[in-house]
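An overview of the molecular structure
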Amino acid sequence: MCSSDLAICSAIVIVLMTIFLTHIFITNDRLVLQETVEDKAATALKVIANATGARIREAADLLPGRGNDSDRMADVVSRLNRDLSQLRQGMAILEVNVRTTSGAPIASSRVGAPLYEADRHALQAAIDSRRHTFSLSWRASADSGATPADRRIGHVYLPILDTQRNPIAVLDAVVDATVDARLTAYHNIGVALVVLAAFAVIYCALLMMVRRADSIVRRQYLELAAMNATLEQRVSERAGAAERAADRARRYNAMLVEEIAERRQIEDVFDRRELDSLARSKGIDPDDLAEVLAKYKIGRAHV
């Protein structure tokens, strides 16, 4: 794999890891945001429930089908509205509503109907579990009439129980988590940028290391190629020198062979002359003398 392919693969891996880690951080921040808003609103709502629980139970007993005293019901609801309005002040709550178990409003901290509709699923979950529930969603600004979902609205539902621990009403606290959500979003962007910057630094460092290693390998390859060429040249030169030396040895050997043959011819000539001279001095036939000397030489050779 070449360095460019490795760089591309590393970049893809870094992008995927950045997306994965950013998703983890964003999911965690959303959970933290939800838990923070829920804890604050639930704590405030429990304080309100302790202060107005008796009056909420009284109003629930006067609901149509349970009680027929409409004047008393109006008086209880009026005082309950006033209590809710006073208790809401100083708390990070948009409005507090008292609802029936079916979700219909009974009383509210603001004048008139509640601005925000109840989340039926969260309200029913609070009734079934006998404990508070929380829902968080983007909604349009109810007080400005804006159509886009520009506000992060949370609802905390706390069931009000009678002496038999049966839910007779539900307290609904509406909180605005837009600022927290935007801060969380900015934090998520910052985390994504930090993670991306960290991986970019690692990527650049790895890329520099890979390029340096690649240059070292290429340089060593070129050096090995040059050494190999030099070695081949030297081997060729030595092979040529050895071939030339062998040729000279062959020529020298041929010259020696010729010289030995010439010397033998000369020796044969001198030996023949000496043999003829000796045979004449002794009065012996040269061929007989030659035969005798030959047998003498063979005998000496065996000894």
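What counts as what
- Residues numbered from 1 in each chain as written.
- Predicted model: local features only at pLDDT ≥ 70, side-chain atom pairs only at ≥ 80, totals over all residues.
- Heavy atoms only, no water.
- Helix = DSSP H or I, 4+ residues; strand = E, 2+ residues; numbered from the N terminus.
- Contact = heavy atoms within 4.5 Å.
- Buried < 20%, exposed > 50% of the residue type's maximum accessible area, 1.4 Å probe, protein only.
- Polar contact = N/O pair within 3.5 Å; in protein donor to acceptor, adjacent residues only side chain to side chain.
- Core = buried A, V, L, I, M, F, W, Y, C linked by side-chain atoms within 4.5 Å.
- pLDDT = per-residue confidence, 0-100.
- Salt bridge = Lys/Arg side-chain N within 4 Å of Asp/Glu carboxyl O.

1. Let's talk about the side chain of R99
Along the chain, the position of R99 falls in strand β1 (residues 95–99). When neighbours within four sequence positions are excluded, R99 is seen to be in contact with A104, P105, I106, P114, Y116, E117, A118, L123, A169, V170 and D172.

2. Quick look at the side chain of T133
Along the polypeptide, T133 turns up in strand β3 (residues 133–139). For T133, a relative accessible area of 13% puts it in the buried group. Among the polar contacts listed, one links the side chain of T133 to the backbone oxygen of A122, at a separation of 2.7 Å.

3. Structural notes on the nonpolar core
Inside soluble globular proteins, nonpolar side chains tend to come together where they are buried. Residues L84, V98 and L171 are the most contacted members of the largest nonpolar core, which totals 34 residues. At the level of elements, α1 (3–61), α2 (70–88), β1, β2 (105–108), β3, β4 (151–161) and β5 (167–176) are the ones that each hand at least two residues to this core. No other element matches α1, which puts 11 residues into this core. Not counting residues up to four positions away in its chain, the partners in contact with V98 are I56, L80, L84, A104, P105, I106, A107, A169, V170 and L171. Residues A118, L123, A126 and Y157 belong to the second largest nonpolar core, which totals 7 residues.

4. Regarding the confidence of the model for the protein
Residues with a pLDDT of 70 or more make up 80% of the protein, whose mean pLDDT is 78. Within the protein, helix α5 (residues 286–302) has the poorest average pLDDT of any element, 61, and helix α3 (residues 120–129) the best, 90. Contacts from residues 144–148, a stretch scored under 50 in pLDDT, to residues over four places away or in other chains number 5 contacts.

5. Focus on the pattern of salt bridges
Under the definition given, this model contains 7 salt bridges. Across the salt bridge formed by D83 and R55, the nearest N and O atoms sit 2.5 Å from each other. Of the two residues, D83 sits in helix α2 while R55 sits in helix α1, which places them 28 residues apart along the sequence. With relative accessibility at 19%, the residue D83 sits in the buried group. Among the salt bridges present, the one from D247 reaches R251, with a minimum N-O distance of 2.0 Å. Note that D247 and R251 are positioned in helix α4 (residues 178–282) at a spacing of 4 residues, about one turn of the helix. Among the charged side chains, a network of salt bridges with common partners joins D247, R250 and R251.

6. Quick look at unusual backbone geometry
Residues other than glycine seldom take positive phi values, yet R130 does so here, at roughly 60°. Judged by relative accessible area, which is 36%, R130 ranks as partly exposed. A positive phi angle, near 60°, is found at R165, a position not held by glycine. On the basis of relative accessibility, which here comes to 52%, the residue R165 falls in the exposed class.

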